[in-house]
Amino acid sequence: SALLFYQPAEYRFELPAAGSVLIGFDGLSLFFLFTFQLLSLAASLYAIGYLRPYIERGLSVRAHLSFFTLLIASLQLLVISHNTLVLLIVWEFMAIGAYFSIVFDKDKEEVRRGGFWYFVATHTGVLLLYVCFLTLHELTGSWNFDDIARHAAYDPKALAVVLLTGFAGFGIKAGFMPFHAWLPNAHSAAPTHVSGLLSAINIKAGIYGMAR
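A few points on the structure. (Residues numbered from 1 in each chain as written. Predicted model: local features only at pLDDT ≥ 70, side-chain atom pairs only at ≥ 80, totals over all residues. Heavy atoms only, no water.)

Regarding its fold elements, the protein chain presents 10 helices and 2 strands. Starting at the N terminus, the α and β elements of the protein chain follow one another as α-β-β-α-α-α-α-α-α-α-α-α. For a compact globule of 212 residues, the expected C-alpha radius of gyration is about 17 Å, and the protein chain comes in at 18 Å, within 12% of that figure. For the C-alpha atoms alone, the extent of the protein chain along its principal axes is close to 60 × 40 × 30 Å. Expressed as a percentage of the 212 residues in the protein chain, the buried residues total 44%. (Helix = DSSP H or I, 4+ residues; strand = E, 2+ residues; numbered from the N terminus. Rg over C-alpha atoms; globule rule 2.2 N^0.38 Å. Buried < 20%, exposed > 50% of the residue type's maximum accessible area, 1.4 Å probe, protein only.)

What follows deals with a nonpolar patch on the surface. Among the surface-exposed residues, Ile 89, Phe 93, Ile 96 and Phe 100 lie close enough to one another that they form a single nonpolar patch of about 350 Å² accessible area. By secondary structure assignment, the location of Phe 93 is in helix α4 (residues 84–102). (Patch = residues over 30% accessible without salt bridge, like charges linked within 9 Å, V, L, I, M, F, W, Y side chains within 5 Å. Areas by Shrake-Rupley, 256 points an atom, 1.4 Å probe, with all protein chains shown as cover. Salt bridge = Lys/Arg side-chain N within 4 Å of Asp/Glu carboxyl O.)

Let us now look at the pattern of salt bridges. In a structure, side chains of opposite charge can pair up when their charged atoms sit close to one another. Scanning the model with the defined rule gives 2 salt bridges in all. Measuring nitrogen to oxygen at the nearest pair gives 2.9 Å for the salt bridge that ties Arg 212 to Asp 26. Within this pair, whereas Arg 212 is found in the segment after α10 (204–211), its partner Asp 26 is found in the loop between β2 (19–25) and α2 (27–56), the two being separated by 186 residues in sequence. Residue Arg 150 pairs with Asp 147 through a salt bridge whose shortest N-O separation is 2.6 Å. Here the residue Arg 150 and the residue Asp 147 both occupy positions in helix α6 (residues 145–150), the gap between them amounting to 3 residues, near one helical turn. Owing to a relative accessible area of 59%, Arg 150 belongs among the exposed residues under this scheme. Its relative accessible area of 29% is what places Asp 147 among the partly exposed residues.

For the structure on display, the rule yields 13 aromatic pairs. What links up through ring pairs into an aromatic cluster is the set Phe 31, Phe 32, Phe 36 and Tyr 208. (Phe/Tyr/Trp six-rings, centres within 6.5 Å; stacked < 30°, edge-to-face > 60°.)

A word on the packing of α2 against helix α9 (residues 192–202). Viewed as axis vectors pointing N to C, α2 and α9 meet at an angle of 165°, and their least axial separation amounts to 8 Å. Compared by their axis directions, α2 and α9 come out roughly antiparallel. Crossing of α2 against α9: the hand is right-handed. Between α2 and α9, the contacting residues are Thr 35, Phe 36, Leu 39, Ser 40, Ala 43, Tyr 46, Ala 47, Tyr 50 and Leu 51 on the first element and Thr 192, His 193, Leu 197, Ala 200 and Ile 201 on the second. (Axes fitted to C-alpha atoms, helices over the stretch in contact; angles between N-to-C directions. Parallel < 35°, antiparallel > 145°, perpendicular 65-115°, else oblique. Left-handed = near helix turned anticlockwise from the far one by under 90°. Contact = heavy atoms within 4.5 Å.)

Residue position: Val 111 is located in helix α5 (residues 109–140). Separated by 76 residues in the primary sequence, Val 111 and His 187 have C-alpha atoms spaced 9.5 Å apart. In this structure, Val 111 is in contact with Ile 102, Val 103, Asp 105, Lys 106 and Ala 189, ignoring residues within four places of it in sequence.

Moving on: α5. Since the α-helix packs 3.6 residues into each turn, any two residues three or four apart lie on the same face. Its 32 residues give α5 an end-to-end C-alpha distance of 46 Å, which sits within 8% of 46 Å, the value for a rise of 1.5 Å per residue. Just beyond α5, the residue with positive phi is Gly 141, at close to 75°. (Expected span 1.5 Å × (residues − 1).)

What follows is the structure, encoded as C-alpha cells:
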C-alpha cells in the first residue's frame, strides 16, 4: 500500500524501556528495504552452491545459515525501526549475525583476524551511536525519530555532539575514509556470499542511518 499508493504505513506498540515504539514504512524505509531484500535473495541463492562442498565433506552449515539469516532479518528490521533504542538493539543483532557469518572458516588465521576487525569496528560505531541517541533523548524526551525531527530548537553544543557522534558512528559502518581500515580485512575474510552481502547492503546501513 505504501509503495503503490504513496500512503506511508505506521504501527505503534509499547515497550517497557522504550515507551511508544514506531515501526514505519515510508519512502526511505521502502527504498532500502526493497534493495536489501533483492540483494539478500541473490546472496542466499549463491550460498546454495557455495556451501555444497562443505556439506559434501560432512561439515555442518546449520549454525552459519542461522547467523546468515539473522543478519538478513536484522538489516530489514533496521530500516523500518523508527525508534532509536530499537535501532540500537537491532544493530547489535546485525553485528552478531555478521560476525559469526564472517568467521565460518574460523580455523584460518586471516578469517579470525577479519572477524576481529569487524567486531571492533562495529562496536566502536555503536558506542558512538549510544552517545548520539542518548543526547537526543535528553534533549527531546523521546526515542522516536519523528519526535526528534519535530523538536523546535537544539542547543548548538549538544547539536555538535549529535552530529559528530552520529556521523562517526554511521560512518564507521559505511566504511567512509578515514573509518575504512577495518573493511578490507573483514570483507576478504568472509565467505563469498557473506562478503557480497556485507559490501552490497551491510555497509549501506550506515548510509541509511545518515539519511534517516
